[in-house]
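Tertiary structure, described
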Amino acid sequence: MAPIQNARVLFNSVPEKFPMPGGTTVYDTTQTIDLKTVPLDGGFLIKTLILSVDQYFRNRMRKPEKKSFVPPFELGASISGYGVGRVLRSENSAVEVGKYVYGPEMLHQEYAVMKELGPATVLEKHPDLPWTVYVGAAGMPGQTAFTGWKEYSDAKPGEVAFVTTGAGPVGSMVIQLAKQAGLKVIASAGSEEKVKFMQSLGADVVFNYKTMDTREVLAKEGPIDIFWDNVGGDILDAAIEHAAIKARFLECGSSSGYNNGHTPIKNMSMVSQKTLHIHGILVFQLLPKYYKEFYGTIPAKLASEEIKYNEEVTNGLDKVEDVILAVQKGTNRAKAVVVVAEE
Ligand SMILES: NC(=O)c1ccc[n+]([C@@H]2O[C@H](COP(=O)([O-])OP(=O)(O)OC[C@H]3O[C@@H](n4cnc5c(N)ncnc54)[C@H](OP(=O)(O)O)[C@@H]3O)[C@@H](O)[C@H]2O)c1
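Residues numbered from 1 in each chain as written. Predicted model: local features only at pLDDT ≥ 70, side-chain atom pairs only at ≥ 80, totals over all residues. Heavy atoms only, no water.

- Naming follows an unreviewed UniProt entry, where the protein chain appears as Enoyl reductase (ER) domain-containing protein of Mycena metata.

What follows is the structure in C-alpha cells.
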C-alpha cells in the first residue's frame with residue numbers, strides 16, 4: 001500500500017491574545033504515512049475519529065518555561081487533546097485491533113502511532129450513544145461536573161445553586177445534578193439559544209449574562225449556597241457579594257480571563273466574613289475516586305435522556321483551528337467536537 005496523507009494541526013507560535021488559525025496553529029498536509037509498514041515499536045496505530053476542543057488548550061499554548069497544571073504544546077509538533085481513535089494495528093496485547101481508545105493526549109492528526117496507553121483507556125461504547133458524547137457529557141467535561149459536584153457541593157434540598165456557562169458540557173451537567181439533588185438552580189450563559197437550552201434542563205432561573213445584570217438576578221433570586229464557577233472575574237465577585245454564610249464555591253474555570261488576562265477579585269475580604277468554603281477542582285485528581293461510578297451510571301442516563309446533553313459537531317481536521325478560536329471567543333453553541341473520520 002502506498003503512503004497516504006497524514007494531515008496534522010501543528011502548534012506554530014505562542015499567541016498574545018486569541019489563538020489565530022494559520023498563525024498560532026497551522027493545518028499541515030505534507031506528512032505521509034504507510035499504514036501497513038509504519039513501525040509500531042511495541043505500540044499501536046490509531047485512526048483518529050473524534051477530537052474534543054476545550055478551553056484549556058489556551059493554557060497549553062504558552063512558552064515551555066511557564067509552569068502550569070498541563071504541559072505546554074510543543075512548537076512545531078501536533079497539538080493534542082481528548083479524543084477517540086480506532087486501533088488499526090497493534091503490538092500491544094492490551095490494545096486489540098478494532099477496539100477504541102479514549103485519552104487526553106490524542107494527537108490532532110489523521111493517524112498516530114501510540115507507544116503505550118499511558119493515561120488513555122480502551123473504551124466500550126454504550127450502544128445508543130455516538131462516540132462524540134465520549135469527549136463531552138460522557139467524557140472529561142461530564143466527569144468534571146460529576147466528580148466536582150460529588151466531592152464538594154455538600155448539597156441539601158432547598159438550597160440555591162448558581163451555575164455559570166450553564167449551556168456548556170460542564171455547566172449543563174451541573175444544572176441537572178443540582179436539580180436532581182432538590183436545589184433551586186440559577187443558571188447563566190451568553191446567548192438566547194443557550195438560555196433556552198438551560199431552561200430545557202430544568203433550571204429555575206435562567207439568564208443571558210451579556211444582556212442582564214448578574215448582580216440584579218442574584219439579589220432577587222439568591223442568596224446562593226453553592227456557586228459553580230466556570231468564568232471567574234466580575235461574576236465571581238458578584239457571586240461572593242450574594243453568597244449565603246458558609247456557601248460552597250466550586251472553582252472549576254475562569255474563562256473570562258483566559259485570553260485577555262485575569263481581573264483581580266475585589267471581594268476577598270467577604271470570604272472570611274461569610275466563612276465561604278472555596279474548593280479548587282481538577283478533574284484528573286478526582287476521577288480515580290469516581291471512575292467506576294461515572295462510567296457505571298452516566299452513559300446509561302445519557303442514552304435514556306434522564307440526563308440531557310448538547311453538542312456542536314464540526315466535520316474535518318482542517319476545521320480544528322476555527323473551532324479552537326470559537327471556543328476561546330465563546331461563540332461555540334454547545335460542546336465543541338470535531339469528527340475527523342466516521343470509522
Ligand atoms: N477544573 C477542571 O478540571 C476543568 C475541566 C473541564 C473544564 N473546565 C473549565 O470549565 C469551564 C467550562 O468548560 P466547558 O467545556 O463546559 O465550556 P464550553 O461551554 O464548551 O465552552 C466555553 C464557553 O465558555 C463560556 N465563556 C464564558 N465567559 C467567556 C469569555 N469571557 N470568553 C469566552 N468564553 C466564555 C462561553 O459560553 P457563554 O456563551 O455561556 O459565555 C463558551 O461557549 C471552562 O472554564 C473550563 O476551562 C475545568
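**Notes on the pattern of salt bridges**
- All chains considered together, the criterion is met by 20 salt bridges.
- For K335, the salt bridge is made with D54, and the minimal N-O distance between the two is 3.0 Å. Placement of the pair is K335 in strand β17 (residues 335-339) and D54 in the loop between β5 (44-52) and α1 (57-60), with a sequence separation of 281 residues. You'll find K335 and D54 in the same group, each marked buried.
- The residue R86 makes a salt bridge to E343 at a minimum N-O spacing of 3.2 Å. (Salt bridge = Lys/Arg side-chain N within 4 Å of Asp/Glu carboxyl O. Helix = DSSP H or I, 4+ residues; strand = E, 2+ residues; numbered from the N terminus. Buried < 20%, exposed > 50% of the residue type's maximum accessible area, 1.4 Å probe, protein only.)

**As for the site of the ligand**
- The local shell around the ligand holds 26 residues, among which K194, Y209, Y258, I281 and N332 are the closest.
- The separation between an oxygen atom of the ligand and a polar side-chain atom of K194 is 2.6 Å.
- Interatomic distance of 3.0 Å between a backbone N/O atom of C252 and a nitrogen atom of the ligand.
- Summarising the interface, the protein chains cover 89% of the accessible area of the ligand, which totals 900 Å² for the free molecule.
- Residue assignment for the shell around the ligand shows that the elements contributing at least two residues are α2 (140-152), α3 (169-180) and α9 (320-329).
- Class assignment for the residues of the shell around the ligand results in 11 nonpolar, 13 polar and 2 charged.
- Structurally, the shell around the ligand is a two-domain feature, drawing no fewer than three residues from each of domain 1 (4-136 + 309-339) and domain 2 (140-284). (Near = heavy atom within 4 Å. Polar contact = N/O pair within 3.5 Å; in protein donor to acceptor, adjacent residues only side chain to side chain. Areas by Shrake-Rupley, 256 points an atom, 1.4 Å probe, with all protein chains shown as cover. Nonpolar A, V, L, I, M, F, W, Y, C, P; charged D, E, K, R; others polar. Domains from an automatic or database assignment.)

**Some points on the UniProt feature "domain: Oxidoreductase N-terminal" (unreviewed entry) in the protein chain**
- In the numbering adopted here, UniProt assigns the feature "domain: Oxidoreductase N-terminal" (unreviewed entry) to residues 39-116.
- Across residues 39-116 one finds 5% helix and 41% strand; the C-alpha atoms that close the span lie 14 Å apart. (UniProt positions renumbered as here; feature names shortened; annotations may be inferred.)

**Describing the packing of α2 against α3**
- Between α2 and α3, the least distance of the axes is 8 Å, while the angle of their chain directions is 40°. Considering the angle they form, α2 stands oblique to α3. As α2 runs across α3, the sense of the crossing is right-handed. Residues P141, G142, T144, A145, F146 and W149 of α2 form the contact with α3, whose participating residues are P169, V170, M173, V174, L177 and A178. (Axes fitted to C-alpha atoms, helices over the stretch in contact; angles between N-to-C directions. Parallel < 35°, antiparallel > 145°, perpendicular 65-115°, else oblique. Left-handed = near helix turned anticlockwise from the far one by under 90°. Contact = heavy atoms within 4.5 Å.)

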